[in-house]
Amino acid sequence: MHTSTALVTGASRGLGRALATELAARGWRLVLDARDGDRLAAAVTGLPSRGLVTALAGDVADPAHRAALADAVGDRLDLLVHNASDLGPSPLPPLADLPLNAFTQVLHVNVVAPLGLTQLLLPALTRAGGRVLAISSDAAVEAYPGWGGYGTSKAALDQLTAVLAAEHPDLRVWAVDPGDMATDMQQAAFPGEDVSDRPAPETVVPALLRLVAERLPSGRHRAADLLPAGAGR
């Protein structure tokens, strides 16, 4: 019996951890990545079927780390999840004050790294007739003051996924706006505010699983549109 394999970046917390937990519960083989090795190890400890999990701490902006992730995947990959993201400076500055070195880092993590990892894994994805899932944001399509750097990176990621889908119609390639969630990144975006009223990342996972299970058409989706009316929102 075929065991499906998924690579999930940014899997130590938030949506990445929630998705990895559900995939593990379904018997998937997982390759997981995060920058914080201690938090990644703690996340793996809580997963079922830990024997099917490979965890590699590192920065997806590092080409050597991306190569290690690709090696860990092997010859076939059913699902590649680009979840790791860099918000940029907190509090979020207006574009006039956005340090260019910080913006460059955001682009490296949110755009260049997903493309580089996809390039390495395209043969494995093609063999499996696989799926690519990129976590986007409403900041990719809406003009929010302070969100110029992050939003620009997610808009670029959206375009990369759209072109990849056009170039590889044998794959499913999605960009998904998960909506606001109660995550560390959301807290960093709104320092000093209580973000606990936002939906938990776990409420978004059913939308992602629906994409994967039903192999819905490639394109950009809102998680809220993939959930039953009123679910998790």
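Cut-off values and rules
- Residues numbered from 1 in each chain as written.
- Predicted model: local features only at pLDDT ≥ 70, side-chain atom pairs only at ≥ 80, totals over all residues.
- Heavy atoms only, no water.
- Helix = DSSP H or I, 4+ residues; strand = E, 2+ residues; numbered from the N terminus.
- Polar contact = N/O pair within 3.5 Å; in protein donor to acceptor, adjacent residues only side chain to side chain.
- Contact = heavy atoms within 4.5 Å.
- Phe/Tyr/Trp six-rings, centres within 6.5 Å; stacked < 30°, edge-to-face > 60°.
- Buried < 20%, exposed > 50% of the residue type's maximum accessible area, 1.4 Å probe, protein only.
- Salt bridge = Lys/Arg side-chain N within 4 Å of Asp/Glu carboxyl O.
- Axes fitted to C-alpha atoms, helices over the stretch in contact; angles between N-to-C directions.
- Parallel < 35°, antiparallel > 145°, perpendicular 65-115°, else oblique.
- Left-handed = near helix turned anticlockwise from the far one by under 90°.
- Nonpolar A, V, L, I, M, F, W, Y, C, P; charged D, E, K, R; others polar.

Asks: Give me the lowdown on the side chain of H82, citing residues and values where you can.
Replies: Summarising the element assignment, H82 is placed in strand β4 (residues 79-82). A polar contact is formed between the side chain of H82 and the side chain of T118, at a distance of 2.8 Å. With sequence-adjacent residues up to four places away left out, H82 is seen in contact with T9, P114, L117, T118, V132, L133, A134 and I135.

Asks: For the packing of aromatic side chains, give the residues involved together with the corresponding values.
Replies: Under the definition given, this model contains 2 aromatic pairs. Plain terms: the ring middles of W147 and Y150 are 5.7 Å apart, the flat faces sit at 70° to each other, and that makes the pair edge-to-face. By relative accessible area, which is 16% here, W147 ends up buried. Among the residues examined, Y150 registers a relative accessible area of 7% and is labelled buried. Residues W147 and F190 carry aromatic rings whose centres are separated by 6.1 Å and whose planes lie at 45° to one another, so their mutual orientation is tilted. Here F190 lies in the loop between α6 (184-189) and α7 (205-214) and W147 lies in the loop between β5 (131-135) and α5 (148-167), a separation of 43 residues in the sequence.

Asks: Break down the side chain of H65 for me, citing the residues and quoting the values.
Replies: Mapped onto the elements, H65 comes out in helix α3 (residues 63-73). By relative accessible area, H65 is classed as buried at 7%. Each residue touching H65, except ones within four places of it in the same chain, is listed here: D33, L56, A57, G58, D59 and V60.

Asks: Explain the pattern of salt bridges to me, using residue names and the numbers behind them.
Replies: The final tally for this structure, using the stated rule, is 9 salt bridges. Among the ionic pairs, R220 bridges to D158, the shortest N-O distance being 2.6 Å. Of this pair, R220 sits in strand β7 (residues 219-222) while D158 is found in helix α5, placing the two residues 62 residues apart along the sequence. The class for R220 is partly exposed, based on a relative accessible area of 34%. Owing to a relative accessible area of 12%, D158 belongs among the buried residues under this scheme.

Asks: Please provide a residue-by-residue account of the packing of helix α1 (residues 14-25) against α7, values included.
Replies: At a closest axis distance of 10 Å, the pairing of α1 and α7 adopts a crossing angle of 55°. One finds that α1 runs oblique with respect to α7. Pair α1 / α7 crosses with right-handed handedness. Between α1, through L15, A18, L19, E22 and L23, and α7, the contact on the second element is made entirely by V205, L208 and L209. Residue classes in the contact of α1 with α7 are distributed as 7 nonpolar, no polar and 1 charged.

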